[in-house]
Amino acid sequence: MSSDRLRQSVAGLITGFLFGLGLCLAGMTRPAVILGFLDVAGNWNPALVFVMAGGVTVTFFGYRLAFRRGKPLWAESFSLPTARAIDRPLLLGAVIFGIGWGLAGYCPGPAVTSLAGGRAGVGVFVIAMIGGMVVMRWLRKSRSANVALKPAGQE
Amino acid sequence: MNPFILAAIGGVLIGLSAVLLMALSGRIAGISGIVAGLLPPQSAPDRSWRLAFIAGLLLAPALLRVMTGDDGIGPPVVATPVLAVAGFLVGLGTVLGGGCTSGHGICGIARLSPRSLVAVAVFLAAALITVFIARHVV
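Residues numbered from 1 in each chain as written. Chains lettered and ligands numbered in written order. Predicted model: local features only at pLDDT ≥ 70, side-chain atom pairs only at ≥ 80, totals over all residues. Heavy atoms only, no water.

Caption draft 1: Fine view of helix α6 (residues 114–137) of chain B. Over its 24 residues, α6(B) runs 33 Å from end to end, which matches the ideal 34 Å to within 8%, given 1.5 Å per residue. What α6(B) keeps buried is the set R115(B), S116(B), A119(B), V120(B), F123(B), A126(B), A127(B), T130(B) and V131(B). Those residues of α6(B) that are buried lie in contact with α2 (31–38) and α4 (88–104) of chain A together with α4 (80–97) and α5 (101–110) of chain B. (Helix = DSSP H or I, 4+ residues; strand = E, 2+ residues; numbered from the N terminus. Expected span 1.5 Å × (residues − 1). Buried < 20%, exposed > 50% of the residue type's maximum accessible area, 1.4 Å probe, protein only. Contact = heavy atoms within 4.5 Å.)

Caption draft 2: Here's a closer look at the packing of α4(A) against α6(B). Running from N to C, α4(A) and α6(B) point in directions that differ by 40°, and their axes come no closer than 7 Å. Classed by the angle they form, the pair α4(A) and α6(B) counts as oblique. With respect to the hand of their crossing, α4(A) and α6(B) are arranged in right-handed fashion. Together, L90(A), L91(A), A94(A), V95(A), F97(A), G98(A), I99(A), W101(A), G102(A) and L103(A) of α4(A) and R115(B), V118(B), A119(B), V122(B), F123(B), L124(B), A126(B), A127(B), T130(B) and V131(B) of α6(B) make up the contact between the two elements. Residue composition of the contact of α4(A) with α6(B), grouped by class: 16 nonpolar, three polar and one charged. (Axes fitted to C-alpha atoms, helices over the stretch in contact; angles between N-to-C directions. Parallel < 35°, antiparallel > 145°, perpendicular 65-115°, else oblique. Left-handed = near helix turned anticlockwise from the far one by under 90°. Nonpolar A, V, L, I, M, F, W, Y, C, P; charged D, E, K, R; others polar.)

Caption draft 3: Highlighting the domain arrangement of chain A. Residue and element names in this part refer to chain A. Domain assignment breaks chain A into domain 1 (1–80) and domain 2 (84–150). The centre of domain 1, based on its C-alpha atoms, is set 18 Å off from the matching centre of domain 2. Tallying the contact residues gives ten residues for domain 1 and nine residues for domain 2. Between domain 1 and domain 2, the buried area comes to about 730 Å², and carbon and sulfur atoms account for 78% of it. For the pair domain 1 and domain 2, the number of links is zero salt bridges. Scanning the region where domain 1 abuts domain 2 turns up zero residue pairs in polar contact (both at pLDDT 80 or more). Ranked by residue count, the leading element in the side of domain 1 that touches domain 2 is α2, at four residues. Considering only residue class, the side of domain 1 that touches domain 2 consists of eight nonpolar, two polar and no charged. (Domains from an automatic or database assignment. Buried area = accessible area lost by both parts, 1.4 Å probe. Salt bridge = Lys/Arg side-chain N within 4 Å of Asp/Glu carboxyl O. Polar contact = N/O pair within 3.5 Å; in protein donor to acceptor, adjacent residues only side chain to side chain.)

Here you go:
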């Protein structure tokens, strides 16, 4: 069990590195590129389409190979999201996230990765993001304690 | 190299990361979920792989900088108060909606999850409208 935990940390380091490398090479750690993609009425930059196409294609086929084995190599089972409902938290959360993404051009992955650039503004974004996460986790915990609702699966 | 070829290569690397994390540890490569699992209240029991993943994220640009002189990280393009508000909204929204561009966008779409497909359509629409208002209306 503890050897699984150690191996999962190795897997985390390797996959985090690959993920960060992909983000940096793809230009996703440049908010100007992200906002250029989101600005369809301006000088549109389609870079994000190529990133998503490459990422989703590899993941679509790769997941099928991974699931064929029945269980992960270094864990007892796959930890997949259990939530199914297209409910108000999902929709409201997506709207709030989208507004934040559009305001600054950072989503969580590129923001955390960009901390390595040492710019104060990125630190401000990430600290505020962590603050927002903690606030929502508290709100959900107190709410689920009231109505005995299980929090939806995190992805 | 052409930025769009680099973007596709970057996307493939992100996909490989997501597939490896699933094949090895059975986990979704969703950055908001990985980070939020470290936070109070009730941080997840499995903190070490989450910290290792974040260390890997930070290591990539550092190594790129050493090897090529360019880490690929661009400067923020909006004022600090906007960064603070945007960050707070991203934190609130990704926890409430259960994912972000990676968890819903890459992993969820690859699993053909209806929840993720809807989430991506909604956050993309919200972001497009936000940028339109910020750049062409205000």
